[in-house]
Amino acid sequence: MPATGELSGSTTESATGSARPGEPSAVLPADDGRTRAAEPPGPTARPRAGSTRPGEPSTVPPGNDGRTESAGLALPAGGAEAGPTGGDGFAGADSDGPASGSGSGTADGTAVGTVVGTGSALGLIDAAERARLAGRPARARELLARAGYEGAPDVVRGAAQLVNGQLGLQDGPVADAREVLLLAAELLAEAEPARALAARLAAMEAAWAMGDAAACLEALDPGPGRRGSDDVNPVAGATRSGGPDHVAGPPEGDGGVAAYRAGMSAVMRGRLDTGRTRLREVVDGAGAAGIPDGPESLLLAGGAALVAGDLAAACRASSRALAVARARGPRILVAQALERLAYGELRAGRHARARAHAEDGLRTALAAGQSNLVAHHHAILALAASVEGSQEAVAEHASAAERIAAPHGLAQAATLSQWARARADLARGRLPEAAARLGPLVGAGPRHGHFALRMLAVPCFVEAAARTGQAEAARSALAEFTHWAAQGADPQAPAQLARCQALLSDGDSCEPLYAAALAHHEEAGGDFERGRTQLLYGAWLRRRRRPGEARGRLRDALVSFERGGALGWAAQTRAELRATGDAAPAEPVGPLALLTPQQLRIARCVAEGATNREVALRLSVSPRTVDHHLRNVFAALGVRSRVELSRWVDRAEKTTAHP
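Residues numbered from 1 in each chain as written. Predicted model: local features only at pLDDT ≥ 70, side-chain atom pairs only at ≥ 80, totals over all residues. Heavy atoms only, no water.

Asks: I would appreciate a short explanation of the overall build of the protein in the present structure.
Replies: The helix and strand inventory of the protein stands at 27 helices and four strands. Every one of the 659 residues in the protein was classed for burial, and the buried ones make up 56%. With an accessible surface of roughly 25000 Å², the protein has 52% of that area assigned to carbon and sulfur atoms. (Helix = DSSP H or I, 4+ residues; strand = E, 2+ residues; numbered from the N terminus. Buried < 20%, exposed > 50% of the residue type's maximum accessible area, 1.4 Å probe, protein only. Areas by Shrake-Rupley, 256 points an atom, 1.4 Å probe, with all protein chains shown as cover.)

What follows is the structure in C-alpha cells.
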C-alpha cells in the first residue's frame, strides 16, 4: 500500500558462501553489510552441471495485498563437487577470470574448456543470485552479463533466466518478468524441478501484481490449454466452469508449498471453503516442529493467512518473518516482510501501525533497488493518510505509487492508490468524486480494479453511490459483495454488508440494519469501520429528527475515530454533531460564532470550493435549503462573494487552531 533510508541492523547476509578455515569463499560480507568477491582461490573441482543444493524452495508467494517481490530458490552450488573452497565450490565465480578446471580432456583441451565454461557461467549466475539477495541488483545484472550463458545447456540458461526474472519482478514491468520466469520454469523442469517450482511461484507473483487471475492459475497449475484459459473469472475468483481443486504438488518434502498451491488454485476458481482449508495448513505449519523457521516459509504462511481472511495470523507470521530476515537475512526480504505486515495492519484497521511499517519498508525498498515494492509502500501510505486526514499526504503518496505502477503494470498498487484518493474524498464529503473514482475499481474485467481488491472497495463505493442517487449501481455491486461476505473472506465484511444494506433501505428498515452492523463490529473489532457505521447511523437519526439519539451515536463515532487516529473522519463527525445542536469540540470563535451549526457547515463546504449542489449532497439537504442558508451566512458575516467567505473561514479556522 509506500526516501532513501538506513538499513542498519536490518539484515545479515545469509547468502554468502561458507569456506573452510583459512580459505576464502566465493562471496564474503564486507563491513557495510554488502557482498564482495573473494580473491580467486586455487583450482576447483570439475563441475557437474545440474546438481542442486539440498533444502526447500526459498519462495515467497503472493497474498491479498501488495506484493511484488520474490525471494526465489537459492541457486545450486553451481553444480560443482566440493573442492578446496568447501561450501559453494565457486570461489572464483565473482572474480574477473574463469575458474580453472581439473580432470582429463582432449589433447587440445576442448572438452575440458567446454565443461569449465559451463561451470564458470553457473558460478557467475550463483554470484548474481547472491548479489540480488543482498539488495545489489546492479551488481547482479553485471554478473549475469558476464556469465555468457547463451547457447549453454538448459539448466544453465534456466538458472540465469530465473535470476533475471526475479530481478525484473523487483524493478521492472511485471508482465515481462512473468514471461522470463515461465521460460525459466520450462528450461529447469527436468533437471531442476525445485527451481522450476520457484520460477512458477514467482511467475504467479508477477501475475498477481498485474491483476491477471487467469495468469495466476497458469503459473499455479500448468497444463494443456492453461494459457488463456477461461475457467476462472478474474472478478473475485468466481467460477465460470469446472476445474479440479487439486494441483500437482512440488517435489516431495515441500508440503507447505503444495498446500499453498492447492489452496490458491481453489480460491482463484471461486472455491473459497476448499481453498481456505488448504491455506490454513500452511498457516498452521509455519514454525511447527521440523519445519524451517525461515523468512520464506513465514512469508508463505502470512500470504496464505491474508487470502484466508485470518488477519491476526497474517500479522503474526509477517512480523516473525521480518524479525528473522533482519537477524539472518536475506536482506531482500526485509522490505517485502514490511510491506505484508503493513498491509495486514491496514486490513485490520490499525492504520498508525501500518503507516510506521510502510515508512520503514519504503526506505528499505529504495535502498535495495526494489522499485515495485516502493510503489506498494507508497500506496499503503496513501491509504493510511486517507484515514488520518492529510489530503496532501494522500496526493503525494498516491502520485508516487502511480508513477511506478503505470510503466511497470502494477495493477495492485494502482488500485490501492485510487482507493486511497476516493476514501479521502469520502472523508471530506466529496461524494460525487468518490463515486467516480470507485466505480471503475469495483467493476469486472479488463481496465478495472485489481481482482483481489474489488470487494474490499465495494463498501466505500456503495456509500458514495447511494448518497449521490446511483442506487442501481450500488445495488449491483452489493449483490456480488453479499455472496463474497457469506464465504468468510474478510472479518469486517458482515458489518459492512449490513451498513450498506441500511444505506440502500428506506424508512424504518434502516434502523435494525444499522444495529446489526454494530453488533457485527463488536465481534470483528476495528475502531475505524465501527466509527464509519456510527457516523452514518447518527446522520440518519439526525435526518429523522431524532437529535438526542443522533448525538449519542455521533459521540461514539467521534471516540472511535479519535482512538484510531482517523482525524479527517473525526472532523466530519464534529460537523454532524454541531448540526444536532451539540456544542462539539473546536467551536468557532469570532464572527463565525454568529452562525448556526447548519450555516457553519455550509460555510465550511463553500470555503472548500463546493457548489451548492455538492453541498446539498454532502449534507443530505436540498439545493434550495443550501441557497437559503448561504444567503443568511452572507448577511451575518457581511460578505458579498464566495471568495470573500472562503477568506473569512480560513482566517477564523487558523485563529481557532492557533489562539
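Having seen the model, we can carry on.
Asks: Sorry if this is basic, but what is going on with helix α13 (residues 371-388) here?
Replies: Given 3.6 residues per helical turn, the α-helix brings residues three or four places apart onto the same face. For α13, built from 18 residues, the straight-helix expectation of 26 Å at 1.5 Å per residue is met to within 8% by its first-to-last C-alpha distance of 25 Å. Just downstream of α13 lies G389, where phi reads positive at about 95°. (Expected span 1.5 Å × (residues − 1).)

Asks: Explanation requested: helix α10 (residues 311-328) in the structure shown.
Replies: With 18 residues, α10 should cover 26 Å at 1.5 Å per step; its first-to-last C-alpha distance of 25 Å lies within 8% of that length. Of all the residues in α10, the buried ones are L311, A313, A314, C315, A317, S318, A321, L322, V324 and A325. Where α10 is buried, its residues touch α8 (272-285), α9 (295-308) and α11 (332-347). G329 occupies a position one or two residues after α10 and carries a positive phi of about 85°. (Contact = heavy atoms within 4.5 Å.)

Asks: Just checking my understanding: could you explain the packing of aromatic side chains for this structure?
Replies: To describe a pair of aromatic rings, one takes the distance between the centres and the angle between the planes. Counted under the stated rule, the structure contains eight aromatic pairs. Judged by centre distance (5.2 Å) and plane angle (70°), the rings of W208 and F451 are edge-to-face. Remark: F451 occurs in the loop between α16 (431-442) and α17 (454-466) and W208 occurs in helix α5 (residues 193-210); sequence separation between them is 243 residues. The exposure class of W208 is buried, given its relative accessible area of 2%. By relative accessible area, F451 is classed as buried at 5%. For the pair Y537 and W540, a centre-to-centre distance of 6.4 Å together with 35° between the ring planes defines the contact as tilted. A residue pair is termed a helical-turn pair when its members lie 3 or 4 positions apart in one helix, as Y537 and W540 do in helix α21 (residues 527-543) at three residues. What makes W540 buried here is its relative accessible area of 8%. In this structure an aromatic cluster arises from ring pairing among Y514, Y537 and W540. Taking the ring centre of W419 as reference, the NZ or CZ of R423 above it sits at 5.5 Å. (Phe/Tyr/Trp six-rings, centres within 6.5 Å; stacked < 30°, edge-to-face > 60°. Lys NZ or Arg CZ within 6 Å of the ring centre and 35° of its normal.)

Asks: When you look at the side chain of H521 in this model, what are you seeing that I'm missing?
Replies: Among the structural elements, H521 can be located in helix α20 (residues 510-524). Polar contacts involving the side chain of H521 include one to the side chain of T533, which spans 2.7 Å. Beyond its immediate stretch of four places on either side in the chain, H521 contacts Q492, A495, R499, E529, R530 and T533. (Polar contact = N/O pair within 3.5 Å; in protein donor to acceptor, adjacent residues only side chain to side chain.)

Asks: Is there a simple way to explain the pattern of salt bridges in this structure?
Replies: A side chain with one charge can pair with a side chain of the opposite charge if their charged atoms come near. Taken as a whole and judged by the stated rule, the model has 33 salt bridges. Across the pair R278 and E281 runs a salt bridge, and its minimum N-O distance is 3.0 Å. Here R278 pairs with E281, and both are found in helix α8, just three residues apart, close to one helical turn. E529 is the salt-bridge partner of R532, the closest N and O atoms lying 3.7 Å from each other. Separated by three residues within a single helix, R532 and E529 lie in helix α21, roughly one turn from each other. Its relative accessible area of 2% is what places R532 among the buried residues. Assessed through its relative accessible area of 11%, E529 is described here as buried. Put simply, E463, R467, R499, E529 and R532 are held in one network by salt bridges that share partners. (Salt bridge = Lys/Arg side-chain N within 4 Å of Asp/Glu carboxyl O.)

Asks: In this structure, what is going on with the nonpolar core? I would like to understand it.
Replies: Grouped burial of nonpolar side chains is what soluble globular proteins tend to show. Residues I125, W419 and F481 are the most contacted members of the largest nonpolar core, which totals 151 residues. Grouped together as the second largest cluster of nonpolar side chains are 17 residues, L595, L600, A616 and V626 included. (Core = buried A, V, L, I, M, F, W, Y, C linked by side-chain atoms within 4.5 Å.)

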